[in-house]
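# Topology and contacts: notes
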Amino acid sequence: MARNPIFSATLQAALLGAVSNILAQLIGSYRKQAPLEVDWIPVFQFLLFSIISTPPNFIWQDYLESAFPARLPAPHAKKSDDKPAGEQPLNLRNTLIKFALDQTVGAVFNTLLFSVYIHSIHMAMPNAPRITSFTKVTAYWMSPGVIDFSAVDMSLVLDAAFAEFWTIVLAGVKLWPAVSLVNYTLVKTVEGRSLVGCIAGLGWGVYMSMIAAR
């Protein structure tokens, strides 16, 4: 039975999200010349964010490709022509539209989604301990009442999200436009684009982990 593509993309993103946070912690420890220990609480928080954010992004990319296909359907071959029509060239108009929408609507959505999530999860877990044992953190996350969303003040969360919005967007301009261009010009499937995005997101996740740890 074929695996659901959204499930596969979410699994990839969750694993890479966790790895990016671990790398960010190791970099931070190296800079501080502190012992290299992983705090598993933020690792699980980033893993959870990937699980939340990947499905809507996959659906968004699927919509863009459906609405603005990279290559228009090939014209029907003439009856006298036994050879199948070759692959159509890249549609420049559709590619530019996808790129523009992804770098505006998509960028705004993902920036605000991250900020709202990270400030909410921190507010919902104000007394989260530092746990360096994977076994202990697994038991901790399975305990009732670990996350208390009733403690989240959305007005404060939104204020914090808007305050850091442009900082994150301007940082993303250094990476995501190039990723989008590669995806929309060279990668033909939504699944493939999701994988490229996940790989690029590994470095981006390190940066975002450092922001979240401030």
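All of these numbers come straight from a predicted model, not from anything done at the bench.

In this structure, Y207 sits in helix α8 (residues 190-212). Sequence separation between Y207 and V169 is 38 residues, and the spatial gap between their C-alpha atoms is 12 Å. The contacts of Y207, once residues within four sequence positions are left out, are T167 and A171.

Another aspect to go through is the pattern of salt bridges. Overall, the coordinates contain two salt bridges when judged by the stated rule. With its nearest N and O atoms 2.6 Å apart, the salt bridge here joins E65 to K98. Of this pair, E65 sits in helix α2 (residues 40-67) while K98 sits in helix α3 (residues 92-124), placing them 33 residues apart in sequence. Neither residue differs from the other here; E65 and K98 are each classed as buried. Here R193 ties to E65 by a salt bridge, and the two come within 2.6 Å at their closest N and O atoms.

Formed by 23 residues in total, the largest nonpolar core has its most connected members in F114, I118, V137 and M208. Broken down by secondary-structure element, the contributors of at least two residues to this core are α2, α3, α4 (134-141), α6 (165-172) and α8. Counting residues per element, this core draws most heavily on α2, which supplies six residues. Setting aside anything within four residues of it in sequence, one finds I118 in contact with F46 and A212.

For R193, the position within the fold is in helix α8. For R193, a relative accessible area of 3% puts it in the buried group. Here V187 takes part through its backbone oxygen, which lies 3.0 Å from a polar atom of the side chain of R193. Those residues in contact with R193 that sit more than four places away from it in its chain are E65, A70, K98, N183, Y184, V187 and K188.

Turning next to a nonpolar patch on the surface. Taken together, the side chains of V19, L23, L26, Y30 and L36 define a hydrophobic patch exposed on the protein surface, amounting to about 490 Å² of accessible area. Structurally, V19 is set in helix α1 (residues 5-32).

With that out of the way, let us pick up the environment of Q88. Note that Q88 resides in the loop between α2 and α3. Of the residues examined, Q88 reaches a relative accessible area of 25% and is grouped as partly exposed. C-alpha separation for the pair Q88 and W176, spaced 88 residues apart in sequence, amounts to 27 Å.

Taking 1.5 Å as the rise per residue, α8 with 23 residues should run 33 Å; its terminal C-alpha atoms sit only 29 Å apart, a clear shortfall. At L202, α8 is deflected by roughly 40°, the largest bend along its length.

Under the UniProt annotation, "transmembrane region" (unreviewed entry) lies at residues 99-118, 165-186 and 192-213. Secondary structure content for residues 99-118 is 100% helix and 0% strand, while the C-alpha to C-alpha distance between its ends is 27 Å. Within residues 192-213, the helical portion is 95% and the strand portion 0%, while the C-alpha atoms at the span's ends are 31 Å from each other.

Axis separation between α3 and helix α7 (residues 176-186) bottoms out at 10 Å; the angle between their running directions is 145°. Relative to α7, α3 is oriented so that their crossing is right-handed. Listed contacts from α7 to T95, K98, F99, D102 and Q103 of α3 are W176, P177, S180, L181, Y184 and T185. Across the contact of α3 with α7, the residue classes tally to five nonpolar, four polar and two charged.

Calculation notes
- Residues numbered from 1 in each chain as written.
- Predicted model: local features only at pLDDT ≥ 70, side-chain atom pairs only at ≥ 80, totals over all residues.
- Heavy atoms only, no water.
- Helix = DSSP H or I, 4+ residues; strand = E, 2+ residues; numbered from the N terminus.
- Contact = heavy atoms within 4.5 Å.
- Salt bridge = Lys/Arg side-chain N within 4 Å of Asp/Glu carboxyl O.
- Buried < 20%, exposed > 50% of the residue type's maximum accessible area, 1.4 Å probe, protein only.
- Core = buried A, V, L, I, M, F, W, Y, C linked by side-chain atoms within 4.5 Å.
- Polar contact = N/O pair within 3.5 Å; in protein donor to acceptor, adjacent residues only side chain to side chain.
- Patch = residues over 30% accessible without salt bridge, like charges linked within 9 Å, V, L, I, M, F, W, Y side chains within 5 Å.
- Areas by Shrake-Rupley, 256 points an atom, 1.4 Å probe, with all protein chains shown as cover.
- Expected span 1.5 Å × (residues − 1).
- Bend = angle between axes of the 7 residues up to and from the residue.
- UniProt positions renumbered as here; feature names shortened; annotations may be inferred.
- Axes fitted to C-alpha atoms, helices over the stretch in contact; angles between N-to-C directions.
- Left-handed = near helix turned anticlockwise from the far one by under 90°.
- Nonpolar A, V, L, I, M, F, W, Y, C, P; charged D, E, K, R; others polar.

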